[in-house]
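Chain by chain, the residues:
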Amino acid sequence: MEIVMTHLEHALEERDCASPSREWPASPLDAAQRAFELLTAPPKPLTFDGGRIDCLPDRPIAVDRLRRLLIDDATPRTVRDAVWRELVTLARSGDPAWVLAVVGLAIPGLRRRAGRLAFGWHGETADLDAELLAGFLDRLSTIDLDGANICSRLIDAGARAVRRARNSVRDNDVIRVQEAWGPPPRPWGHPDWVLTRALTAAVIDPEECLLISATRLDDVPLTVVADRLGVTVDLAASWRRDGERRLVAAIRSGDLDWVALSPAG
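The model shown is predicted, which means the values in this text are computed figures rather than measured ones.

Engineer: Could you give an account of the overall build of the chain, naming the residues involved and the relevant values?
Structural biologist: If you tally the helices and strands in the chain, you get 11 helices and four strands. Counting every atom, the chain has about 13900 Å² of accessible surface; 50% of that belongs to carbon and sulfur.

Engineer: Talk me through the packing of aromatic side chains; I want residue IDs and the actual numbers.
Structural biologist: For the structure on display, the rule yields one aromatic pair. Here Phe 48 and Trp 98 contribute two aromatic rings whose centre-to-centre distance is 6.5 Å and whose plane-to-plane angle is 75°, an arrangement assigned as edge-to-face. Taken as a pair, Phe 48 in strand β1 (residues 47-49) and Trp 98 in helix α5 (residues 96-117) lie far apart in primary sequence, 50 residues in all. Just as Phe 48 is buried, Trp 98 falls in that class too.

Engineer: I'd love a proper account of the packing of helix α2 (residues 28-39) against α5, names of residues and values included.
Structural biologist: Where α2 contacts α5, the axes come no closer than 9 Å and their chain directions differ by 140°. Here α2 is positioned oblique relative to α5, judged by the angle of their axes. The hand of the α2/α5 crossing is left-handed. Contact with α2, carried on its side by Leu 29, Asp 30, Ala 32, Gln 33, Ala 35, Phe 36 and Leu 39, involves Ala 97, Leu 100, Ala 101, Val 103, Gly 104, Leu 105, Ile 107, Leu 110, Arg 111 and Ala 114 of α5 and no other residues of that element. Here the contact of α2 with α5 is composed, by residue class, of 13 nonpolar, two polar and two charged.

Engineer: Mind laying out the confidence of the model for the chain, listing which residues take part and the relevant values?
Structural biologist: Here the chain averages 79 in pLDDT, and 80% of its residues register 70 or above. Note that residues 171-188 has pLDDT below 50 and, in this model, 35 contacts with residues that lie over four places away or in other chains. Across residues 261-265 the pLDDT falls below 50, and counting only partners more than four positions away or on other chains, this stretch makes 16 contacts in the model.

Engineer: Explain the nonpolar core residue by residue, including any values.
Structural biologist: Trp 84, Leu 87 and Leu 110 are the most contacted members of the largest nonpolar core, which has 50 residues in total. Where this core is concerned, the elements lending two or more residues are α2, α3 (63-71), α4 (77-92), α5, α6 (125-140) and α7 (150-168). At 13 residues, α5 tops the list of elements feeding residues into this core. In contact with Trp 84, not counting residues within four places along its chain, are Leu 70, Val 102, Leu 105, Ala 106, Ile 150, Cys 151 and Leu 154. With 12 residues, the next largest nonpolar core counts Val 194, Leu 195, Leu 199 and Ile 212 among its residues.

Engineer: Break down the pattern of salt bridges for me, citing the residues and quoting the values.
Structural biologist: With the rule as written, the count across this model stands at six salt bridges. Where Arg 112 meets Asp 205, a salt bridge forms, and the shortest distance between an N and an O atom there is 3.5 Å. One end of the pair, Arg 112, is in helix α5; the other, Asp 205, is in the loop between α8 (191-200) and α9 (206-217), and 93 residues separate them in sequence. The exposure class of Arg 112 is partly exposed, given its relative accessible area of 46%. You can call Asp 205 buried: its relative accessible area is 8%. Here Asp 156 and Arg 113 are joined by a salt bridge, their closest N and O atoms 2.9 Å apart.

Engineer: Just give me the short version of α6, but keep the residues and values in it.
Structural biologist: An α-helix turns once per 3.6 residues; consequently, residues spaced three or four apart project the same way. With 16 residues, α6 should reach 22 Å at 1.5 Å per residue; the first-to-last C-alpha distance of 23 Å fits that figure. When α6 is considered as a whole, its buried residues turn out to be Leu 128, Asp 129, Leu 132, Leu 133, Gly 135, Phe 136, Leu 137 and Leu 140.

Engineer: Help me get a handle on helix α11 (residues 233-253), residues and values and all.
Structural biologist: Here α11 contains 21 residues, and its C-alpha end-to-end distance of 30 Å stays within 8% of the 30 Å for a straight helix at 1.5 Å per residue. Taken residue by residue, α11 has Ala 236, Ala 237, Arg 240, Gly 243, Arg 246, Leu 247 and Ala 250 as its buried positions. Just downstream of α11, Gly 254 is the residue with a positive phi angle, here 80°.

Engineer: So what about the environment of Leu 229? Which residues, and what values?
Structural biologist: Among the structural elements, Leu 229 can be located in helix α10 (residues 222-229). Separated by 18 residues in the primary sequence, Leu 229 and Leu 211 have C-alpha atoms spaced 9.3 Å apart. For Leu 229, the residues in contact, after removing those within four places along its chain, are Glu 207, Leu 210, Leu 211 and Trp 239.

Cut-off values and rules
Numbers given to residues run from 1 along each chain, matching the order in which its sequence is written. Residues qualify for local features only when their pLDDT is at least 70, as the model is predicted, and side-chain atom pairs are given and counted only at 80 or more; totals for whole chains, interfaces and linings, by contrast, use all residues. Side-chain metrics rest on all non-hydrogen atoms present in the structure, leaving aside hydrogens and water. Numbering of helices and strands starts at the N terminus; helices are DSSP runs of H or I of at least 4 residues and strands are runs of E of at least 2. Residue exposure ignores everything except the shown protein chains as possible cover, and the areas themselves are Shrake-Rupley values with a 1.4 Å probe. Between 30 and 60 degrees the pair is tilted, below 30 it is stacked and above 60 it is edge-to-face, where a pair is any two Phe, Tyr or Trp rings, Trp via its six-membered ring, whose centres lie within 6.5 Å. Only protein chains enter the accessibility calculation, which uses a 1.4 Å probe. A residue is then buried if its area is under 20% of the maximum for its type, exposed if over 50%, and partly exposed in between. What counts as an axis is a line fitted to C-alpha atoms, over the stretch in contact for a helix, and the angles between N-to-C directions run from 0 to 180 degrees. Oblique is the label for any angle not covered by the other classes, which are roughly parallel (under 35 degrees), roughly antiparallel (over 145) and roughly perpendicular (65 to 115). Two helices crossing with the near one rotated counterclockwise from the far one by less than a right angle form a left-handed crossing, whereas a clockwise rotation gives a right-handed crossing. We call two residues contacting when some pair of their heavy atoms lies within 4.5 Å. Each residue is assigned to one class: nonpolar for Ala, Val, Leu, Ile, Met, Phe, Trp, Tyr, Cys and Pro, charged for Asp, Glu, Lys and Arg, and polar for all the others, Gly among them. Per residue, pLDDT measures the predictor's confidence, with a range of 0 to 100. Buried Ala, Val, Leu, Ile, Met, Phe, Trp, Tyr and Cys residues that are joined via side-chain atoms within 4.5 Å together make up what is termed a nonpolar core. By salt bridge we mean one thing: a side-chain nitrogen of Lys or Arg within 4 Å of a carboxyl oxygen of Asp or Glu. Given the number of residues in a helix, its expected span is that number minus one, multiplied by 1.5 Å.

Quick look at the structure:
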């Protein structure tokens, strides 16, 4: 939260913007969204030079309009990556306005990941959100711009920071069950328990858990599960593929080892 506010103050000073009279939101993500809105407000909205990127309008594009373009399914992934390379370069130039702009442009993805990471958390979600933003901003200065999916990799870095924070307070992340429903003996290697730990640690979300469990373990056709979720088969397959990729990475890295399963005495 503090790092976002510091960037905001510097950005407002440089752009001669007045600070809003009402108090800032308690949520770091909400505060980042407010900061982004200030950068896009008249009389001097922050704009991105569309002429730098093929397939974008050859004119200045307000960053709020740019965000709509970036999350539009019709925008090719190659164009998104090209835009993000320019954005990260601008953020690294030392202009705090572009640091805030990069955060604001990533807010849709950050919010979605924050929802996953908060699953099973019993503390203040604002603490997790602050870790998410801190990890995102820390990675901003070092991320390799030659690779693809730059925004996703920045968000992944924020998610890793959240998981490290949760690991430090692992006692708050316990699945409590009735005594008659105790977990199997260690190491709880049954696939159902692996999925349960992954869901609790926000490695996968409930939809991905359902897709993996139903189609991989129970042999339910993907079309049936997709219909239940109200999405297309292609989108369901994409969700499952993304979830399985994160699940495999979490198992290999040991990220699920700290998720405790204990009966409620």
